[in-house]
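Structural overview for review
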Amino acid sequence: MNIFSANPQIKTDYFFSQAAKVLRLILYKTTQKALLIITYVLMYGFFDFLVEGKENARINHGPLLVISNHKSFLDPPLLGICFPFFSKIYPLRFITHDIFFKNPAGWLLFKSLGSYPACAGQGMEKSLEKPIEVLKKGGTVIFFPEGKRYFDDELHEPKLGAGILALKFPNVLILPVAIFGTNRIGSLWSIIFRRPRVRMKIGKPFRLVDKTVSNDPQLVSNCLMKEIEGLYKQIR
């Protein structure tokens with residue numbers, strides 16, 4: 001017997017849950033595209049901005065794991081404008097510090113952009129719950145192996161999370177990206193009159209299964225960070 005015919009309420013609940021998922025996806029895509037347009041205009045209009053390796057970001061399907069170093073809150077939208085505007089890899093989902101979800105305005109803004117809280121202090125399993133779910137559904141996840149923003153010009157030791165995530169999805173396409181200069185942007189005055197130098201380098205996508213690496217999450221994280229480091233050295 002069909003479960004829906006046996007219980008019409010289940011059918012109704014299922015319909016509304018699926019409709020809610022579709023509406024959330026539309027919201028994420030719409031708000032992200034609006035933000036990407038603004039980011040594109042600002043970066044090319046007010047910055048000495050250059051992206052190398054755009055041909056490597058011509059990806060039109062998920063699942064996709066984008067890895068990058070992290071210097072500024074501008075990094076996620078910058079990674080967004082690497083891809084063709086009408087690519088099917090949108091929306092991009094990424095972890096945001098819990099503090100930005102503490103008030104209703106922040107919760108609404110960051111949720112509508114497709115981000116989700118880091119769940120700090122609740123364990124690695126909880127923190128990776130959402131990115132795992134997104135990748136399982138064929139979505140795109142931005143992940144910063146360093147685990148947080150660093151405001152200097154150096155790269156830092158990666159955390160376990162990136163390695164654990166990559167090991168769970170060894171056949172998922174991984175796109176390495178390096179970002180330089182977003183930590184030096186400074187004040188509005190300097191943006192208008194100095195045109196800060198910002199560079200991005202997009203590497204060639206790869207799958208972990210094609211790399212000779214250990215099953216140790218930390219060693220895998222180190223491997224992913226080396227991919228970013230090789231690109232970073234070319235744009236410093």
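Use the structure listed above.
Everything quoted here is computed from the prediction, not taken from an experiment.

Rules behind the numbers
Residues numbered from 1 in each chain as written. Predicted model: local features only at pLDDT ≥ 70, side-chain atom pairs only at ≥ 80, totals over all residues. Heavy atoms only, no water. Phe/Tyr/Trp six-rings, centres within 6.5 Å; stacked < 30°, edge-to-face > 60°. Helix = DSSP H or I, 4+ residues; strand = E, 2+ residues; numbered from the N terminus. Lys NZ or Arg CZ within 6 Å of the ring centre and 35° of its normal. Salt bridge = Lys/Arg side-chain N within 4 Å of Asp/Glu carboxyl O. Buried < 20%, exposed > 50% of the residue type's maximum accessible area, 1.4 Å probe, protein only. Contact = heavy atoms within 4.5 Å. Core = buried A, V, L, I, M, F, W, Y, C linked by side-chain atoms within 4.5 Å. Arc of directions from axis to C-beta. Polar contact = N/O pair within 3.5 Å; in protein donor to acceptor, adjacent residues only side chain to side chain.

1. Focus on the packing of aromatic side chains
Tallied over the full model, the rule gives 6 aromatic pairs. Both rings, one in tyrosine 40 and one in tyrosine 44, keep their centres 4.6 Å apart while their planes meet at 45 degrees; by these two values the pair is tilted. Of this pair, tyrosine 40 and tyrosine 44 both sit in helix 2 (residues 8-46), separated by 4 residues, roughly a single helical turn. Connected via pairs of aromatic rings, a cluster forms that spans Tyr40, Tyr44 and Phe49. Across the ring face of phenylalanine 206, the terminal group of lysine 211 is positioned such that the distance to the ring centre comes to 4.8 Å.

2. Here we look at the pattern of salt bridges
What the rule picks out here adds up to 10 salt bridges. With a shortest N-O distance of 3.4 Å, lysine 126 and glutamate 129 are connected by a salt bridge. Accessibility expressed as a relative area gives 33% for lysine 126, which makes it partly exposed. Of the residues examined, glutamate 129 reaches a relative accessible area of 46% and is grouped as partly exposed.

3. Quick word on unusual backbone geometry
Here the residue pair glycine 62 and proline 63 is connected by a cis peptide bond, since its omega of 0 degrees sits within 30 degrees of zero. When you line up the elements, proline 63 lands in the loop between strand 1 (48-52) and strand 2 (64-68). Residue proline 91 is reached from tyrosine 90 by a cis peptide bond, and omega for that bond is 0 degrees. Although it is not a glycine, cysteine 119 sits at a positive phi angle of roughly 55 degrees. Within the element layout of this structure, cysteine 119 appears in the loop between strand 4 (115-117) and helix 5 (124-127). Here cysteine 119 falls in the buried class, since its relative accessible area comes to 12%. Non-glycine residue arginine 195 carries a positive phi angle of around 50 degrees. Turning to its location among the elements, arginine 195 is positioned in the loop between helix 8 (188-194) and strand 7 (197-202).

4. Focus: the environment of phenylalanine 180
Position of phenylalanine 180 relative to the elements: it lies in strand 6 (residues 173-180). Classification of phenylalanine 180 as buried rests on a relative accessible area of 5%. Phenylalanine 180 has contacts with Asp153, Arg197, Val198, Arg199, Tyr232, Ile235 and Arg236, leaving out every residue within four places of it along the chain.

5. A closer look at the side chain of asparagine 69
Here asparagine 69 shows up in the loop between strand 2 and helix 3 (75-80). Residues contacting asparagine 69, with those up to four places away along its chain left out, are Asp75, Phe144, Glu146, Leu155, Val177, Ala178, Ile179, Met225, Ile228 and Tyr232.

6. Here we look at the nonpolar core
Side chains of a nonpolar character, in soluble globular proteins, are inclined to be buried together. If you look at the biggest cluster of nonpolar residues, it comprises 30 residues, and the most contacted ones within it are Phe49, Leu64, Leu78, Leu79, Phe83, Leu175 and Met200. Per-element tally for this core: the top contributor is strand 6, with 4 residues. The next biggest cluster of nonpolar side chains, apart from the first, holds 26 residues, and it includes Leu65, Tyr116, Leu224 and Tyr232.

7. Quick word on helix 4 (residues 104-112)
Of all the positions in helix 4, only Gly106, Phe110 and Ser112 are classed as buried. For helix 4, the angular spread of buried residues about the axis comes to 165 degrees, placing them on one side. Opposite the packed face of helix 4, turned more than 90 degrees from it, sit the exposed residues Pro104 and Leu108. A side-chain oxygen of the first residue of helix 4 lies 3.2 Å from the backbone nitrogen of alanine 105; this N-cap is asparagine 103. Among the residues trailing helix 4, glycine 114 stands out with phi positive, at a value near 95 degrees.

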